[in-house]
Structure formats: C-alpha cells, structure tokens
Amino acid sequence: MIRSSVLTVCSGKSMHLMSKSKPTRDHIIEAADQLFYQQGYEHTSFADIAAAVKISRGNFYYHFKTKDDILDAVIKLRLTNTQDMLEQWEIAGQSPAERIRHFINILITNQTKIMRYGCPVGTLSTELAKMDHSAKTDASKLFTLFRTWLAQQFVSLGHVADADDLAMHLLARSQGVATLANAFRDENFIIQEVNKMDEWLKFYTKPAASSSQ
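This is a predicted model, so every value here is computed, not measured. (Residues numbered from 1 in each chain as written. Predicted model: local features only at pLDDT ≥ 70, side-chain atom pairs only at ≥ 80, totals over all residues. Heavy atoms only, no water.)

**Some words on the nonpolar core**
Consideration 1: Judged by nonpolar contacts, the single largest core of 35 residues is most densely connected at Phe103, Phe154 and Leu170.
Consideration 2: Elements represented by at least two residues in this core include exactly α4 (67-92), α5 (96-109), α6 (111-117), α8 (136-156), α9 (163-184) and α10 (187-211).
Consideration 3: Of all the elements, α9 adds the most residues to this core, at 8 residues.
Consideration 4: Those residues within four positions of Phe103 in sequence are excluded, and the remaining contacts are Trp89, Phe146, Trp149, Leu150, Leu170, Leu171 and Ser174.
Consideration 5: Listed in part, the 25 residues of the second largest apolar core include Ala32, Phe36, Ile49 and Leu71. (Core = buried A, V, L, I, M, F, W, Y, C linked by side-chain atoms within 4.5 Å. Buried < 20%, exposed > 50% of the residue type's maximum accessible area, 1.4 Å probe, protein only. Helix = DSSP H or I, 4+ residues; strand = E, 2+ residues; numbered from the N terminus. Contact = heavy atoms within 4.5 Å.)

**So, the environment of Glu42**
Consideration 1: Here Glu42 lies in the loop between α1 (24-39) and α2 (46-53).
Consideration 2: Considering only alpha carbons, one finds Glu42 and Glu127, 85 residues apart in sequence, at a separation of 8.2 Å.
Consideration 3: Apart from residues no more than four positions distant in its own chain, Glu42 is found in contact with Lys67, Glu127 and Met131.

Have a look at this one:
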C-alpha cells in the first residue's frame, strides 16, 4: 500500500538492507517502526534497532539520544503514512462506501501480520497507556485520523447526525477483530468478520441512496 510503515502492508523487504539514497536516520525510524510492532516498544532496545539497521552505537546515538526520541519519530512516520493511505483511498474509491471498504479490507490485506502481532495502532496505544507514557496521547492520534476520515465518508453517505457514531462503531469492530485474530490465529474468522462488516455497510448505504432520489 504505502511506504514501509507497519500500519500498511509490510513490504517484505529485509530491515537489514539499507538504501544508499535514504538517510540513515530514516532507516533507523523504519526499523524501529517494525520492531516496536513486532516486539513492543518496551522490549525493543537500542541494540535491537542498531543491529537491524547494521550501524554502530556511535552512529546510532548521533541521530537519536533516547528511545523516546525514536518513539516520537515513529509516531510521526505512522501519522504521515496513515494520512497518505487515506488520501490514496480517496482517489481509489469512486464512492464513500467503496472508500470505507478499503478500511474494512485492510484486515484481509494485513491478516498474516495481524494474526501474529495484532493491530499496530491498537497494540502501541495499549502498551503506552499501560505504561502511562507521555506519548500515549500522540499515539491515539492515529485512531483519530481513521475516526475523522470514516465519519467524513458516512457524512457523504447521508448519515450526518450519526456519522461519528458509525465511524466509532466500525473502528471498534475492526479493532476487536484484530485482537481476536491475534489471540486465535484464525484466518477464517477474519474473512467471516470482514464479510459481515461489508453487509453492515450495505445497510447504511441503501437508505442514503433512496433518500437522495
């Protein structure tokens, strides 16, 4: 989908391969992004990230002095990549319902990663909340991006009064599916729930279509 953020589909490229055209700092952030997702923020060390990027400790500390500095950079990267993804969905989807389906189908697209690691947005937000980390509010902005965008789509479908409620319901449902898929490692469950969400969306598409005639 977009770039190398774990919020989208992991590209499959090794974190150990560094592009000569990309700054070392960017490689560090991208490696940390994936490691925070796979191992958790608390269980990822400077040494883990440096090893993934294959740089010395000195080179590493030149770019980042603390792990919290890296966390801030990772959250900014995820926010940027999420915004880019939403903009692509705007272009790719010919109708609000089709755009919303892009959001629903991300569970299918990312199902292998979700079954193994859970949702990258949800897992990071939960971990930082448990730690009462100062960055927990910034991490929750990722959910806000999806919430706002989904609400805009429901407004376009004609559901102005309850657009935010519908957006939150869909966001909560997708998070629940990701959590249970990670717990049970059940691919069929993801497919089943995605189909149900699609049927749910159809219910909210038909009234808007009839009211506009």
